[in-house]
Amino acid sequence: MLTRDRLGTFVAVLLGTAIVAATLVLLTSARPRLPDRFADLAVLVQSPAAANRPDAFAEPVPWPAGTAERLAGRLRAVPGVRAVVEDRPFYAQPVRSGRPVPGHTVGYGWSDVTGRLLDGSPPAGDRDVVVDRALGVPVGGTVTLLTASGPAPWRVTGHVGTAAVFVSGPVAARLSPGVRVLGVAGRPDPAAVRSVVGGDGTVLTGDRRAEVEPRADARTRWIGLQVLTATTALAGFAGVFLAASTSAFAVSQRRREIGLLRAVGATPRQVRAMLYRSALLVGAAASALGVGLGVLAAHLLAGRLVHAGIEPAGYTVRWWTWAPAAAFAAGPLVALLGTAAAARRASRIGPLEAMRAAEVEKRPMTRLRWLAGLAAAAAGTAAAVATAVASDVSDLAQYSMLGAMALVVAATLLAPVVIPALVGVLLRPVRGVLGMLVRESALTAVRRTASTAAPVLLTVAFAVFVTGTVQTSTAAYAARRAATVDAAAVLVPDGTPGLHDAAAGRATLRTQVYVAGTAVPALGSADLPPGTALAAPTGAGRVTVTYPDGVAETLRVTGPAPPETELVLPRASVRAHDPSALAPAAFLPARPAVTAPGAEVVDAATYAARTDTEDDRLVWTFTLLLLAVSAGAGALAVANTLLMSARQRIGDYRVLRLSGATPGQVALTAALESALVVAIGSLLGIGTALLALIGSAQSLAAQSGRAVPVVVPWPLVACVVAGCLVVAVAAGALPARAARG
Amino acid sequence: MTVTLRDVRMIYGTGTRQVRALDDVTVDFPPGAFHAVMGPSGSGKSTLLHCAAGLERPTAGAVSVGGTDLGGLNETALTRLRRDRIGFVFQAFNLVSSLSAAQNVALPLRLAGHRPTPERVAGALDAVGLADRAGHRPSELSGGQQQRVAIARALITAPAVVFADEPTGALDNRSSRQVLHLLRRLADEHRQTIVMVTHDPVAAAVADRVLMLADGRLVDEVADLDAVAIAARVTELELAC
Ligand SMILES: Nc1ncnc2c1ncn2[C@@H]1O[C@H](COP(=O)(O)OP(=O)(O)OP(=O)(O)O)[C@@H](O)[C@H]1O
Ligand SMILES: [Mg+2]
């Protein structure tokens, strides 16, 4: 029964489960990965963890060189231990044809236990290096390496097959004095290793060895988790929303048939059960197909995610049966939730509805609809207020997302209140009989107009909201940065993670130190005398910092740190204790004539507006991913509801033809009706999203103490609206052609 | 089974658009009899049938079927009573368009949780002369054929009371005679109560008793008259209005 109307719910559930399945599979595949160089080591010992919150992704507190040496010595005495390797990563980037090789930014000390030579010999001298064979430098040749001190020529003694460089042990000990991981080769008893290490570190074996992965990778994965979770939530919401609007639609189209069933003996409960059963069946069928598509999409997407930097290198799809199983279960659930309101309404249909010639909407707004709409609006406003007072950025994102969802629901439910006025305004320029036809059909079935406009509303609202949120906050940060820059020219990294000393010998360095076991980002400023520091809260007293080489020093605090900075240290101290520290930028009084490799000169405004920092780029990639998901789902849903309503309108179009309208006039009427629906949905969607955006802009303004203008990428939004329009006009005009006869 | 209406009033709409479709109608339909309801268009015949069959709740007054007061039943109980004891043939739009004739006929039994045998469904269709159309959908049937499928559906549960709103309105003479004989037999042989609305004096003449309705009021009641006499009464009534 009601077979023709299953399509709408089917499409909604299919989309929802496909996206949920893909994101769940991708989510569960994201797990820590053991770095390749440790693959052959059975036991790893890691230095003590920092006291930060887990989501700060702080590297553990390093052992100073002496401590690491002594611990390594103790470990070598454990029976079964063949060798102990001190892991010493540092910044090193080869230069090829005058440009730093992108992504090739790390060097290690050579060890026969962890490295495998393809040819040549291990590095022995001070300027010896083993490089990736793919660089194309022959053994015996010279390669220019960038390190934190600047470019220098190195002699290639051998080749490996990974994108990293390897230097001799003493050189590595100079470039990376602190140690965070000791690798144990051989087959020692883990318990014996633990008793030797004691409280000096953490002993990791088996799968737990993956915990030594770089914290930056863990952070990338965590950001990926946030985005994929948001995508899943959005997909689930869109699925329920679309299933709800299409099944509400199906019920209003089937009034007469349901009335007849009631007349021949179906109880209200049976009518409800019939709709629920149908929803379950459709949900299960759509779910099966959706999960299949989603898993397929996950495989295709995995590579793209790594490419876009959302997941760390080496990320692959892994199989956990529960992920597709959960997505499969979500399908029928989405269908049931979506059908609930419509089923309730259907069971209220009286037996005499069968006699009503046409669906005449008595009241477009029922009391329940008012209540639900106002409740959703209140929830949206509450979330907007919560957004406006949120101090934490991740809270801000969550509240504003929830707020936008609630406002979209509210706008859809309350749309019938404003639709008559909107129709009047929008159709004012359209004169003549066609305008009248379109106006009357939209006004006599305000609810139908509202439910056909719903998917457009959802799509446009999310496009405006998601892209607007990102651009507004990016613009706010850029404005803040611009206000603090006072320089004729700015030297910025070009293809490198930061500026080395040869490019900017006095520029402020960025590093991370530990204060009382907690990792704290710190700057190294050339303006600070030795033995002093600027610290955020106190501005006086003393502070003991542990540098990245594990050495501690007590400094006199001579003043407060500048805004958004926690700790400023003398540049010389930072350089001495962190040989890999780089400078994010250097502010120059005049444009320099020449620059070293890995640096470029821009003017102050360009520097402030730059959004190509790694995080901004990631966030924008996520945004476009979310937008693609919601706009794709939205376009299909728009086509779906319009095709459903067109079937109902075919009778009217035929009557039009019989009363003398030309085929062109009928097609134009259909196109006008579709365009009207898209216009209504877009206006309501934009209005809703702007409301939510103003909430988050206020929050940002409160945080930064500076006015934050709402920025929306209108060309992008225009593309989304145009896409909806094309799909809608096609979906409306195609069935109208069928009415030719 | 007796259907009783006591002071039944039905008012549609409010204010100036208020219509009094039934105006304090009191009437009994005793079992085993064939009743016809006649009257000018808009006189409240369909409304009377809907109220008596529990399809619509009257504004005021009481309706009881076999001693059960319909006003005291909730929607589900009312539906069950309708399904088990009452058959109804609407004036139009009788069939579920996505189901075949046979499926439409089987619908009340299926909704009651029974699984009718194909023979039983075929028998019901055969009784209205449509044995060969079981697999057709409503859109493939003529108006009269659709009406007969609806009659077959009303009869398949062997209801104690059958209400039919102009069941012969769209039929030719022969089919119309068939349907009338069918209804007559139900009253005579199975002691079912038949209430039929009609504009056709010939159809009304088959009934035991003819009720005349005008402006929502019962204005006349005649028994055992022939078609000519009934036609004369109707003309009189229409002139009086
Ligand atoms: N749902 C309704 N809403 C408003 N008025 C109605 C409704 N149904 C019936 N009426 C009005 O009630 C009166 C009686 O209608 P009813 O359908 O009972 O007439 P009828 O005698 O069956 O007419 P016909 O012979 O044309 O079928 C009419 O004036 C009609 O307009
Ligand atoms: Mg009638």
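Above this text sits the structure in question.
Just so it is clear, the model here is predicted, and its values are computed rather than measured.

Rules used throughout
- The numbering scheme is per chain: residues are counted from 1 as the chain's sequence reads.
- Key to labels: chains lettered from A, ligands numbered from 1, both in the order written.
- With the structure being a predicted model, the display of local features is reserved for residues of pLDDT at least 70 and the display and counting of side-chain atom pairs for 80 or more, all residues being used for whole-chain, interface and lining totals.
- Computation of side-chain values covers all heavy atoms of the structure but excludes hydrogens and water.
- Only DSSP runs of H or I reaching four residues or more are called helices, and only runs of E reaching two or more are called strands; each is numbered from the N terminus.
- Each residue gets one of three labels from its accessible area relative to the maximum for its type: buried under 20%, exposed over 50%, partly exposed in between, using a 1.4 Å probe on protein chains only.
- Contact definition: two residues touch when any of their heavy atoms are within 4.5 Å.
- A 1.4 Å probe and the Shrake-Rupley method give the accessible areas. Residues count as covered only by the protein chains that appear here.
- When DSSP finds two or more bridges between a pair of strands, those strands are recorded as paired.
- If a single non-hydrogen atom of a residue is within 4 Å of a molecule or strand, that residue counts as near it.
- Polar contact is defined as a pair of N or O atoms within 3.5 Å, subject to the rule that within protein one atom must be able to donate a hydrogen and the other to accept it, and that residues adjacent in sequence are counted only when both atoms are side-chain atoms.
- Polarity classes work like this: nonpolar for Ala, Val, Leu, Ile, Met, Phe, Trp, Tyr, Cys and Pro, charged for Asp, Glu, Lys and Arg, and polar for all others, with Gly in that last group.
- Axis definition: a line fit to C-alpha positions, over the contact stretch in the case of helices; interaxial angles, taken between N-to-C directions, run 0 to 180 degrees.
- Nonpolar core, defined: a set of buried Ala, Val, Leu, Ile, Met, Phe, Trp, Tyr and Cys residues in which side-chain atoms within 4.5 Å join the residues together.
- Buried surface area refers to the total accessible area, computed with a probe of radius 1.4 Å, that the two partners give up upon joining, counted for both partners together.
- Definition used for salt bridges: Asp or Glu carboxyl oxygen within 4 Å of a side-chain nitrogen of Lys or Arg.
- What makes a patch is a set of residues exposed beyond 30% relative accessible area and free of salt bridges, joined within 9 Å when like-charged and within 5 Å when nonpolar (Val, Leu, Ile, Met, Phe, Trp, Tyr).
- Oblique is the label for every angle not falling under 35 degrees (roughly parallel), over 145 degrees (roughly antiparallel), or within 65 to 115 degrees (roughly perpendicular).
- Handedness of a crossing is defined here by the sense of rotation of the near helix relative to the far one, left-handed for an anticlockwise turn of less than a right angle and right-handed for a clockwise turn.
- By this rule the span expected of a helix is its residue count minus one, scaled by 1.5 Å.
- Directions drawn from the helix axis to the C-beta atoms are what define this arc.
- Any pair of Phe, Tyr and Trp rings, taking the six-membered ring for Trp, is counted once the centres come within 6.5 Å. Such a pair is stacked with planes under 30 degrees apart, edge-to-face with planes over 60 apart, and tilted for the rest.
- Definition used: whenever NZ (Lys) or CZ (Arg) falls within 6 Å of the ring centre and also within 35 degrees of the ring normal, the charge is taken to sit over that ring.

Visitor: Would you explain the overall build of chain A in this entry?
Guide: The helix and strand tally for chain A stands at 17 helices and 22 strands. Relative to its full complement of 741 residues, chain A shows a buried share of 52%. In chain A, the share of contacts with a sequence separation of at least 24, taken over all contacts with a separation of at least 6, comes to 80%. Only carbon and sulfur atoms are counted for the fraction: they give 62% of the accessible area of chain A, which is about 31,700 Å².

Visitor: I would appreciate a short explanation of the overall build of chain B in the present structure.
Guide: Looking only at helices and strands, chain B features 8 helices and 10 strands. Counting the 241 residues in chain B, one finds 51% classified as buried. A fraction of 67% describes how many contacts in chain B between residues 6 or more apart in sequence connect residues 24 or more apart. When the accessible surface of chain B is split by element, carbon and sulfur atoms take 49% of a total near 10,600 Å².

Visitor: What's the story with the sheet that holds strand 1 (residues 3–12) of chain B in this structure? I'm lost.
Guide: Whether parallel or antiparallel, the strands of a sheet pair through hydrogen bonds between backbone atoms. Residues and elements named next belong to chain B. A sheet is described by the order of its strands in space; here 4 strands give the open sequence 2-1-4-5, paired in antiparallel fashion. Of all the strands in the sheet, just strand 2 (19–29) and strand 5 (68–69) have a single pairing partner and so form its edges. Where strand 1 lies against strand 4 (residues 60–65), 5 bridges are found, and the strand directions are antiparallel. In the sheet register, arginine 9 faces strand 4, and the bridge partner there is alanine 60.

Visitor: Honestly, the site of ligand 1 in this entry has me stumped. Any pointers?
Guide: Residue and element names in this part refer to chain B. Inspection of the region around ligand 1 gives 15 residues, with Ser41, Gly42, Lys45, Ser46 and Thr47 positioned closest. Between ligand 1 and lysine 45 there is a distance of 2.8 Å, counted from an oxygen atom to a side-chain nitrogen or oxygen. At a separation of 2.6 Å, an oxygen atom of ligand 1 approaches a polar side-chain atom of threonine 47. Contact with the protein chains covers 66% of the free accessible surface of ligand 1, which is 630 Å². Counting only elements with at least two residues in the shell around ligand 1, the list comes to strand 2 and helix 1 (45–52). The leading source of residues in the shell around ligand 1 is helix 1, at 3 residues. Taken together, the residues of the shell around ligand 1 sort by class into 4 nonpolar, 8 polar and 3 charged.

Visitor: Sorry, what's going on with the sheet that holds strand 13 (residues 202–205) of chain A here?
Guide: All names here are of chain A. The 4 strands are arranged 2-12-1-13 in an open sheet whose pairing can be described as antiparallel. Each edge of the sheet is formed by a strand with only one pairing partner; in this case those strands are strand 2 (81–87) and strand 13. Pairs of neighbouring strands in the sheet enclose a mean axial angle of 25 degrees, with direction left out of account. On the sheet, helix 2 (residues 65–76) packs against strand 1 (43–46), strand 2 and strand 12 (181–186) and is oriented at approximately 165 degrees with respect to strand 2.

Visitor: Just checking my understanding: could you explain the nonpolar core for this structure?
Guide: The biggest cluster of nonpolar side chains holds 51 residues, and the ones touching the most others in it are Leu458, Phe462, Val464 and Ile680 of chain A. At the level of elements, helix 5 (215–253), helix 10 (393–426), helix 11 (432–444), helix 12 (446–484), helix 15 (614–658), helix 16 (663–704) and helix 17 (714–738) of chain A are the ones that each hand at least two residues to this core. Here this core gets 13 residues from one element, more than from any other, and that element is helix 12 of chain A. With residues up to four places along the chain from it excluded, the contact list for valine 464 of chain A reads Thr469, Ile686, Ala689, Leu693, Val712 and Val717 of chain A. The next biggest cluster of nonpolar side chains, apart from the first, holds 50 residues, and it includes Val251 of chain A together with Val37, Ala53 and Val197 of chain B.

Visitor: Help me understand helix 1 of chain B, please; the structure alone is not making it clear to me.
Guide: Quick reminder: α-helices carry 3.6 residues per turn. Residues three or four places apart thus point the same way. All names here are of chain B. Within helix 1, 7 of the 8 residues are buried, leaving the element largely enclosed by the surrounding structure. Of all the positions in helix 1, only Lys45, Thr47, Leu48, Leu49, His50, Cys51 and Ala52 are classed as buried. Glycine 54, located one to two residues past helix 1, shows a positive phi value of around 75 degrees.

Visitor: Hey, could you run me through the interface of chain A and chain B in this one?
Guide: In many analyses, interface size is given as the accessible surface area lost on bringing the parts together. Contacts between the two partners involve 18 residues from chain A, matched on the other side by 23 residues from chain B. Here chain A meets chain B over a buried area of about 1,900 Å², counting both sides, of which 68% is carbon and sulfur. The interface formed by chain A and chain B includes 1 salt bridge. Arginine 262 of chain A is the salt-bridge partner of glutamate 75 of chain B, the closest N and O atoms lying 2.5 Å from each other.

Visitor: Teacher, can you tell me more about the pairing of strand 2 of chain A here?
Guide: If a strand is regular, its side chains alternate between the two faces of the sheet. Residue and element names in this part refer to chain A. By the criterion of burial, strand 2 is predominantly enclosed, with 6 of the 7 residues buried. Pairing analysis gives 6 bridges linking strand 2 to strand 12, with the strands arranged antiparallel. For valine 84, the partnering residue across the bridge sits in strand 12 and is valine 184.

Visitor: What exactly am I supposed to notice about the pairing of strand 1 of chain B here?
Guide: All names here are of chain B. The pairing of strand 1 with strand 2 spans 7 bridges and is antiparallel. Looking at the pairing, threonine 4 lines up with aspartate 28 of strand 2. As consecutive antiparallel partners, strand 1 and strand 2 are separated by 6 residues, and within that stretch glycine 13 has a phi angle of approximately 70 degrees, a positive value.

Visitor: Help me understand a nonpolar patch on the surface in this model?
Guide: Together, Trp370, Leu374, Val417 and Val418 of chain A make up an exposed nonpolar region whose accessible area comes to about 330 Å². Secondary-structure elements contributing two or more residues to the nonpolar patch are helix 9 (367–389) and helix 10 of chain A.

Visitor: What should I look at first to understand the packing of helix 7 (residues 268–307) of chain A against helix 8 (residues 322–347) of chain A in this one?
Guide: Relative placement of two packed helices is described by the angle separating their axes and the distance separating the axes. Residues and elements named next belong to chain A. The contact between helix 7 and helix 8 brings their axes to 7 Å, and the two run at 150 degrees. Here helix 8 runs roughly antiparallel to helix 7, going by the angle between their axes. As helix 7 packs across helix 8, the resulting crossing turns out to be right-handed. Among the residues forming the contact of helix 7 with helix 8, the class breakdown is 20 nonpolar, 5 polar and 1 charged.

Visitor: Looking at this structure, I do not really get the pattern of salt bridges. What am I missing?
Guide: Oppositely charged side chains can form a pair if their charged atoms are brought close together. Here the structure, examined in full by the defined rule, presents 24 salt bridges over all chains. The salt bridge partner of aspartate 28 of chain B is arginine 6 of chain B, with a shortest N-O separation of 3.4 Å. Residue aspartate 28 of chain B is found in strand 2, and its partner arginine 6 of chain B is found in strand 1; the two are separated by 22 residues along the sequence. Aspartate 208 of chain B serves as the salt-bridge partner of arginine 184 of chain B, at 2.8 Å between the closest nitrogen and oxygen. Taken together, the positions of arginine 184 of chain B in helix 6 (residues 173–190) and aspartate 208 of chain B in the loop between helix 7 (201–205) and strand 9 (209–214) put the pair 24 residues apart, joining distant regions of the chain. A network of salt bridges, in which partner residues are shared, links Arg262 of chain A together with Arg57 and Glu75 of chain B.

Visitor: How should I be thinking about the packing of helix 5 (residues 143–155) of chain B against helix 6 of chain B in this particular structure?
Guide: All names here are of chain B. At a closest axis distance of 12 Å, the pairing of helix 5 and helix 6 adopts a crossing angle of 10 degrees. The angle between helix 5 and helix 6 places the two elements in the roughly parallel class. Contacts between helix 5 and helix 6 involve Arg148, Ile151 and Leu155 from the first element and Ser175, Gln178, Val179, Leu182 and Leu186 from the second.

Visitor: So what exactly am I meant to see when it comes to helix 11 of chain A here?
Guide: Residues and elements named next belong to chain A. An ideal rise of 1.5 Å per residue puts 18 Å on 13 residues; helix 11 measures up with 19 Å between its terminal C-alpha atoms. Among all positions of helix 11, only Leu434, Gly435, Val438, Ser441 and Ala442 are buried. Take helix 11 and look down its axis: the buried residues cluster within an arc of 140 degrees, on one side only. Along helix 11, the residues that are exposed and aim more than 90 degrees away from the buried face are Gly432 and Thr444.

Visitor: When you look at the environment of alanine 232 of chain B in this model, what are you seeing that I'm missing?
Guide: Residues and elements named next belong to chain B. One can find alanine 232 in helix 8 (residues 227–240). Classification of alanine 232 as partly exposed rests on a relative accessible area of 42%. It is 9.1 Å that separates the C-alpha atoms of alanine 232 and proline 201, two residues lying 31 residues apart in sequence.

Visitor: Help me understand the packing of aromatic side chains in this model?
Guide: All names here are of chain A. Within this structure, the stated rule accounts for 3 aromatic pairs over all chains. Relative to phenylalanine 166, the ring of tryptophan 110 lies with its centre 5.5 Å away and its plane at 85 degrees, an arrangement referred to as edge-to-face. Linking tryptophan 110 in the loop between strand 6 (106–109) and strand 7 (119–120) with phenylalanine 166 in strand 11 (residues 165–167), this pair joins segments that are 56 residues apart in sequence. Judged on exposure class, the residue tryptophan 110 and its partner phenylalanine 166 are both buried. Every member of this aromatic cluster is reached through a ring pair, and the members are Tyr108, Trp110 and Phe166. Here arginine 127 stacks its cationic end above the ring of tryptophan 154, 4.9 Å away from the centre of that ring.

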